[in-house]
Amino acid sequence: FPLAVEACVAAGARVIVVCGQGACFSAGLDTSDESLIQFQEDADVARMGLAKKRQVRMMQDCLTASETAPVPVIAAVHGPCVGAGVDLITACDVRLCSSDSYFSVREVRLGLAADVGTLQRLPKVVGNESLLRELCFTGDDFDAATAKEMG
């Protein structure tokens, strides 16, 4: 994503619109990718943590590219926007969604930390911290109308 942002800017883009293809904006983490969520029981926990830290940093840098882009970045959301999709849209300057959109910070349902930006960026987007905490702690879905109310 950082290279795509650079290419758009180099080509003279004055705005970047991020949208999904197909039936949804983002289905979230690919849970079939074992490298993202699997830990070996007999492995050195510290070394595994360092390896995961590098992987998480790379994902954070990808999302931060939209936040630090020198042009406005607009998220055009339709359908589901789950997990990493929420991470991405919170890093955008403007978020627009269709009425059929719904959102979820789903990492908690998988026993993972939402560690690539949601917990840092979403409070700046949402005006209701109590509701935000509830949604992050439960992984519950919230619809477009609720998202509009939150900001």
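Residues numbered from 1 in each chain as written. Predicted model: local features only at pLDDT ≥ 70, side-chain atom pairs only at ≥ 80, totals over all residues. Heavy atoms only, no water.

Student: Is there a simple way to think about the overall build of the chain in this case?
Tutor: Tallying secondary structure elements over the chain gives seven helices and six strands in all. Over its C-alpha atoms the chain spans a radius of gyration of 16 Å, differing by no more than 12% from the 15 Å that the globule rule assigns to 151 residues. Judged by the C-alpha coordinates and their principal axes, the chain covers about 50 × 40 × 30 Å. Split into buried and exposed, the 151 residues of the chain put 34% on the buried side. Once local pairs closer than 6 in sequence are excluded, the contacts in the chain between residues at least 24 apart make up 61%. Charge-centre separation for the chain: the mean point of 13 positive side chains lies 6 Å from the mean point of 20 negative side chains. (Helix = DSSP H or I, 4+ residues; strand = E, 2+ residues; numbered from the N terminus. Rg over C-alpha atoms; globule rule 2.2 N^0.38 Å. Buried < 20%, exposed > 50% of the residue type's maximum accessible area, 1.4 Å probe, protein only. Contact = heavy atoms within 4.5 Å. Lys, Arg positive; Asp, Glu negative; His and termini not counted. Charge placed at Lys NZ, Arg CZ, Asp CG, Glu CD.)

Student: Which parts of the structure should I look at to understand the packing of aromatic side chains?
Tutor: The geometry of an aromatic ring pair is captured by two quantities: the separation of the ring centres and the angle between the planes. As enumerated under the stated definition, the model contains one aromatic pair in all. Measuring from centroid to centroid gives 5.5 Å for F103 and F142, while their planes differ by 25°, and the two rings are stacked. Residue F103 is found in strand β5 (residues 102-104), and its partner F142 is found in strand β6 (residues 142-143); the two are separated by 39 residues along the sequence. As far as burial versus exposure is concerned, F103 and F142 are alike and both buried. (Phe/Tyr/Trp six-rings, centres within 6.5 Å; stacked < 30°, edge-to-face > 60°.)

Student: Where do I start with helix α5 (residues 118-125) in this structure?
Tutor: Side chains three or four residues apart in an α-helix point the same way, a direct result of the helix having 3.6 residues per turn. Here α5 has its buried residues at T118, R121, L122 and V125. All buried residues of α5 fall inside an arc of 100° around its axis, so they share one side. In the core, the buried residues of α5 are packed alongside α3 (45-67), α4 (84-90), β4 (94-97), α6 (129-138) and α7 (144-150). (Arc of directions from axis to C-beta.)

Student: I'm lost on the sheet that holds strand β1 (residues 16-19) in this one. Help?
Tutor: Strands belonging to one sheet form pairs held by backbone hydrogen bonds; the direction of such a pair is parallel or antiparallel. If you trace the three strands from one edge of the open sheet to the other, you get β1-β2-β4, paired in parallel fashion. Of all strands in the sheet, those bounded by a partner on one side alone are β1 and β4. The mean inter-strand angle of the sheet, taken between neighbouring strand axes irrespective of direction, is 20°. Pairing of strand β2 (residues 73-77) with β4 involves four bridges; the strand directions are parallel. Within β4, the residue paired with A75 across the bridge is R95. (Pairing = 2+ DSSP bridges. Axes fitted to C-alpha atoms, helices over the stretch in contact; angles between N-to-C directions.)

Student: Could you clarify how one ought to interpret the layout of surface pockets in this entry?
Tutor: By rolling a water-sized probe across the atoms, one finds the places where empty space is left. Roughly 310 Å³ of volume is contained in the second largest pocket. Taken together, 18 residues line the second largest pocket, and the ones lying closest to its centre are R95, F103, A147, K148 and G151. Elements that contribute at least two residues to the lining of the second largest pocket include exactly α4, β4, α5 and α7. (1 Å grid on protein atoms, 1.4 Å probe; cavity = no way out; pocket = protein on both sides within 12 Å on 5 of 7 lines; lining within 4 Å. Points joined across faces, edges and corners; volume = space filled by probe spheres on them.)

Student: So what exactly am I meant to see when it comes to the pattern of salt bridges here?
Tutor: Between side chains of opposite charge, a pair can form when the charged atoms approach closely. Scanning all chains against the criterion turns up two salt bridges. We note a salt bridge from R121 to E67, for which the minimum N-O separation is 3.0 Å. You can see R121 sitting in helix α5 and its partner E67 sitting in helix α3, a full 54 residues away along the chain. According to the relative accessible area criterion, E67 is partly exposed, its value standing at 38%. For the salt bridge of R106 with D141, the shortest nitrogen-to-oxygen distance reads 2.6 Å. Taken together, the positions of R106 in the loop between β5 and α5 and D141 in the loop between α6 and β6 put the pair 35 residues apart, joining distant regions of the chain. Judged by relative accessible area, which is 22%, R106 ranks as partly exposed. Residue D141 is classed as partly exposed on the basis of its relative accessible area of 40%. (Salt bridge = Lys/Arg side-chain N within 4 Å of Asp/Glu carboxyl O.)

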